[in-house]
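Each chain is listed here by its residues.
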Amino acid sequence: MQQIQQVLPGLGDGGEMTASAERHLGDQIARELYRDTDYIDDPVIAAYVQDIWQRLLAAARARGELTPELDERFAWTILLGRDRNINAFALPGGYLGLNLGLVAVVGSRDELATVLGHELSHVTQRHISRIMDKQGKQMPLMIAGLILGMIAAGKSRSGDAGQAVLMGSQALFAQNQLNFSRDMEREADRIGFGVMTQAGFAPQGAATMFEKLQYASRLNDNGSYPYLRSHPLTTERISDMQGRFQFRMDTVPPLPLAMDHAMVASRARVLTRPGVDVLRLWIDSASSGEFAKSSPAQQAGSLYAAALSAKELRDYKTAHAMVERLVVRTAEDPAAAKQARWLGAEIELAAGAPPKAAALLDARSKERPEMLLSAEAATAMRQPAPMIPVLRDWVAANPRDATAWRALGNLYGAGNDTLRAVRADAEANVAILDYPAARDRFKAAQELVRQSKVVDHYEASIIDTRARAVEALVKEQAAEPPLK
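Here the structure is a predicted model, which means the values were calculated and not measured.

Criteria and thresholds
Residues numbered from 1 in each chain as written. Predicted model: local features only at pLDDT ≥ 70, side-chain atom pairs only at ≥ 80, totals over all residues. Heavy atoms only, no water. Helix = DSSP H or I, 4+ residues; strand = E, 2+ residues; numbered from the N terminus. Contact = heavy atoms within 4.5 Å. Expected span 1.5 Å × (residues − 1). Buried < 20%, exposed > 50% of the residue type's maximum accessible area, 1.4 Å probe, protein only. Phe/Tyr/Trp six-rings, centres within 6.5 Å; stacked < 30°, edge-to-face > 60°. Lys NZ or Arg CZ within 6 Å of the ring centre and 35° of its normal. Axes fitted to C-alpha atoms, helices over the stretch in contact; angles between N-to-C directions. Parallel < 35°, antiparallel > 145°, perpendicular 65-115°, else oblique. Left-handed = near helix turned anticlockwise from the far one by under 90°. Pairing = 2+ DSSP bridges. Polar contact = N/O pair within 3.5 Å; in protein donor to acceptor, adjacent residues only side chain to side chain. Salt bridge = Lys/Arg side-chain N within 4 Å of Asp/Glu carboxyl O. Nonpolar A, V, L, I, M, F, W, Y, C, P; charged D, E, K, R; others polar. Core = buried A, V, L, I, M, F, W, Y, C linked by side-chain atoms within 4.5 Å. pLDDT = per-residue confidence, 0-100.

**Description of the overall build of the chain**
- For the chain, the helix and strand inventory stands at 26 helices and 3 strands.
- The long-range fraction of contacts in the chain, counting pairs at least 24 apart against all pairs at least 6 apart in sequence, stands at 69%.

Structure (structure tokens):
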């Protein structure tokens with residue numbers, strides 16, 4: 001993560017940061033995270049997390065925790081990172097960061113909902129804004145660089161990268177103040193628990209998640225649990241949550257491991273890039289004696305990890321063999337069988353067999369992972385026509401989906417529709433807040449229109465309108481002090 005010194009939006013005359021200013025601050029931070037090499041938009045994991053996230057947002061609205069103003073103004077976007085550290089973090093303006101390392105270790109949707117509900121409550125209760133209000137105008141001047149530096153420090157064993165950002169007594173002061181107060185942590189616990197249970201998640205998920213964190217807090221901090229540094233697990237918080245659950249954590253019956261959750265957790269582990277030796281170990285584990293003794297869900301997780309590991313190593317023969325075993329193992333579980341089918345299509349695409357991938361997919365599906373896989377297969381076969389309307393409708397409803405815009409651009413490219421392909425690429429850059437790159441692509445589209453003998457006036461009008469809007473965003477961004 002590059003060193004950053006960012007001047008942020010000033011506070012209002014009354015000393016309070018407005019929702020619009022906080023969103024602007026969040027956009028500035030998110031713009032840097034989108035550029036981070038650890039950022040990943042994995043459609044399978046993103047869809048799994050989004051299902052939980054949308055249920056939590058709906059519950060927060062129903063409870064009145066999420067006000068109409070914040071609902072409209074904030075981003076409510078989760079950014080996934082490949083980082084193996086077990087961490088999640090709330091950012092200003094409705095952005096949340098979620099490391100794949102955390103997805104890999106939670107044992108259920110309910111545990112993940114506990115963490116996301118807690119972070120959601122930090123945002124809905126305006127905890128970051130309240131901290132900045134308390135500390136005055138100096139705090140917002142430092143917080144963007146501070147957050148990015150703390151994320152960088154969490155990735156580095158030595159912490160050197162982050163310390164480069166956190167140099168100086170003012171930054172140290174800000175770091176101490178960024179940690180939420182005990183009252184804010186208890187408030188996020190209480191509200192987050194209410195949101196996750198109203199959303200239909202089991203309270204045992206909160207109990208078992210706290211139990212894991214409590215165990216981790218007793219270990220020497222080796223950097224694996226940065227979540228505990230920014231959210232210290234105090235005895236008061238533990239006692240408060242035990243009373244709220246009305247049962248002891250050590251007597252809570254464990255939630256059964258869902259087969260599809262085991263598979264998604266395995267995917268998260270593989271995508272953190274653990275190294276060739278670990279990938280080979282996971283392939284071998286699917287044929288070990290321990291595998292035979294494990295539960296069906298555990299077996300599904302092991303086979304998924306083995307198949308995806310083989311695919312990452314380009315060992316497609318082994319990947320095919322493992323995914324065939326996975327299909328048999330998941331046949332009686334529809335959610336898990338779907339995950340196995342998507343993985344099978346992914347392996348076929350990687351192996352250079354798009355027709356086989358297409359045969360495994362439903363091109364009419366509105367589920368994002370299947371839709372994007374179908375688009376990739378259609379692009380590879382140079383048969384884009386059936387998928388273009390599907391992707392076009394999707395981005396119309398989800399204009400901030402950069403991955404879908406790029407997939408649509410690839411489809412247009414496969415159909416030799418260069419103008420629309422360039423516009424889709426421009427919109428993808430808008431979606432990740434890279435306005436200068438978007439402006440350049442819109443200018444390229446306008447040049448294509450000027451050079452074309454046959455002009456699509458409707459498309460040209462859209463391009464001109466969007467080009468003007470993006471130019472205004474570029475000027476607004478240029479007015480901010482540059483990153484250093």
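**Quick look at helix 10 (residues 182–198)**
- The end-to-end C-alpha distance of helix 10, which contains 17 residues, comes to 24 Å, matching closely the 24 Å that a straight helix rising 1.5 Å per residue would cover.
- Every buried residue belonging to helix 10 is among Met-184, Glu-185, Glu-187, Ala-188, Asp-189, Ile-191, Gly-192, Phe-193, Gly-194, Val-195 and Met-196, and all of these are buried.

**Some remarks on the packing of aromatic side chains**
- If you walk through the whole model with that rule in mind, you get 2 aromatic pairs.
- For the ring pair Tyr-34 and Tyr-39, a centre distance of 5.2 Å and an interplane angle of 85 degrees mean the geometry is edge-to-face.
- Accessibility expressed as a relative area gives 26% for Tyr-39, which makes it partly exposed.
- Between the aromatic rings of Phe-74 and Trp-76, the centroid separation amounts to 5.7 Å while the plane-to-plane angle is 45 degrees, which identifies the pairing as tilted.
- On the basis of relative accessible area, Phe-74 is assigned to the buried category, the value being 3%.
- Owing to a relative accessible area of 9%, Trp-76 belongs among the buried residues under this scheme.
- A cation over a ring is seen here: Arg-55 above Phe-201, with NZ or CZ 3.9 Å from the ring centre.

**Regarding the packing of helix 2 (residues 43–63) against helix 21 (residues 368–380)**
- Packing of helix 2 against helix 21 leaves a shortest axis separation of 8 Å and a crossing angle of 160 degrees. The angle between the axes of helix 2 and helix 21 places the two elements in the roughly antiparallel class. Once helix 2 is placed against helix 21, the crossing between them reads as right-handed. Counting all contacts with helix 2, which are made through Pro-43, Val-44, Ala-46 and Ala-47, the residues of helix 21 involved are Arg-368, Pro-369 and Leu-372.

**Focus on the sheet that holds strand 3 (residues 95–99)**
- Sheet architecture is open: 3 strands sit in the order 1-3-2, paired in mixed fashion. In this open sheet, the two strands that pair with only one neighbour each are strand 1 (77–81) and strand 2 (88–90). Each strand axis lies, on average, 20 degrees off the axis of its neighbour in the sheet, ignoring direction.

**Quick notes on the side chain of Thr-77**
- With respect to the helices and strands, Thr-77 occurs in strand 1.
- In this structure the side chain of Thr-77 is engaged in a polar contact, spanning 3.3 Å, whose partner is the side chain of Arg-400.
- Excluding residues within four positions of it along the chain, Thr-77 makes contact with Tyr-34, Gly-94, Tyr-95, Leu-96 and Arg-400.

**Quick word on the pattern of salt bridges**
- Scanning all chains against the criterion turns up 30 salt bridges.
- Its salt-bridge partner being Lys-293, residue Glu-290 comes within 3.9 Å of it at the nearest N-O pair. Taken as a pair, Glu-290 and Lys-293 lie in helix 16 (residues 289–293) at a separation of 3 residues, close to a single helical turn. Side by side, Glu-290 and Lys-293 carry an identical accessibility label, which is exposed.
- Residue Arg-368 is joined to Asp-401 by a salt bridge in which the shortest nitrogen-to-oxygen separation is 2.7 Å.

**Digging into the pairing of strand 3**
- Buried residues dominate strand 3, accounting for 5 of its 5 residues.
- Neither face of strand 3 is left uncovered, since the one carrying Tyr-95, Gly-97 and Asn-99 and the one carrying Leu-96 and Leu-98 both have all their residues buried.
- Bridge count between strand 1 and strand 3: 5 bridges; the pairing is parallel. The partner of Leu-80 across the bridge, within strand 3, is Leu-98.
- For strand 2 and strand 3, the ladder comprises 3 bridges, and the chain directions are antiparallel. Within the sheet, the bridge partner assigned to Ala-88 lies in strand 3 and is Leu-98.
- Hairpin connection of strand 2 to strand 3: 4 residues between the antiparallel strands, including Gly-93 at a positive phi of 80 degrees.

**Details of the side chain of Asp-27**
- You can see Asp-27 is positioned in helix 1 (residues 19–35).
- With relative accessibility at 14%, the residue Asp-27 sits in the buried group.
- Apart from the residues within four sequence positions on either side, Asp-27 is in contact with Tyr-95 and Leu-433.

**A look at the packing of helix 22 (residues 388–397) against helix 23 (residues 402–414)**
- As a packed pair, helix 22 and helix 23 sit with axes 10 Å apart at the nearest point and diverge in direction by 150 degrees. Taken together, the axis directions place helix 22 and helix 23 in an arrangement best described as roughly antiparallel. Regarding helix 22 and helix 23, the two cross each other, and that crossing is left-handed. Across from Ile-388, Leu-391, Arg-392, Trp-394 and Val-395 in helix 22, the residues of helix 23 making contact are Ala-404, Trp-405, Ala-407, Leu-408, Leu-411 and Tyr-412.
- For the contact of helix 22 with helix 23, the residue count by class is 10 nonpolar, no polar and 1 charged.

**Topic: the nonpolar core**
- Grouped together as the largest cluster of nonpolar side chains are 79 residues, with contacts concentrated most on Ile-45, Trp-53, Leu-56, Trp-76, Leu-98, Leu-116 and Leu-326.
- No other element matches helix 2, which puts 11 residues into this core.
- The contact partners of Trp-76, leaving out residues within four places of it in the chain, are Trp-53, Leu-57, Leu-66, Leu-70, Asp-71, Gly-93, Gly-94, Leu-120, Val-123 and Thr-124.
- Core analysis: the next-biggest nonpolar cluster, separate from the first, contains 51 residues, Ile-388, Leu-391, Ala-421 and Val-422 among them.

**Things to note about the pairing of strand 1**
- Strand 1 sits mainly inside the fold: 5 of its 5 residues count as buried.
- Across the two faces of strand 1 the burial is the same, with Thr-77, Leu-79 and Gly-81 and Ile-78 and Leu-80 all buried.

**Describing the confidence of the model for the chain**
- Counting all residues, the mean pLDDT for the chain is 85, and 80% of those residues have values of 70 or more.
- Confidence drops under pLDDT 50 across residues 1–15; counting only partners more than four residues distant or on other chains, this segment forms 46 contacts.
- The low-confidence segment residues 157–178 (pLDDT under 50) makes 34 contacts with residues lying over four places distant or belonging to another chain.

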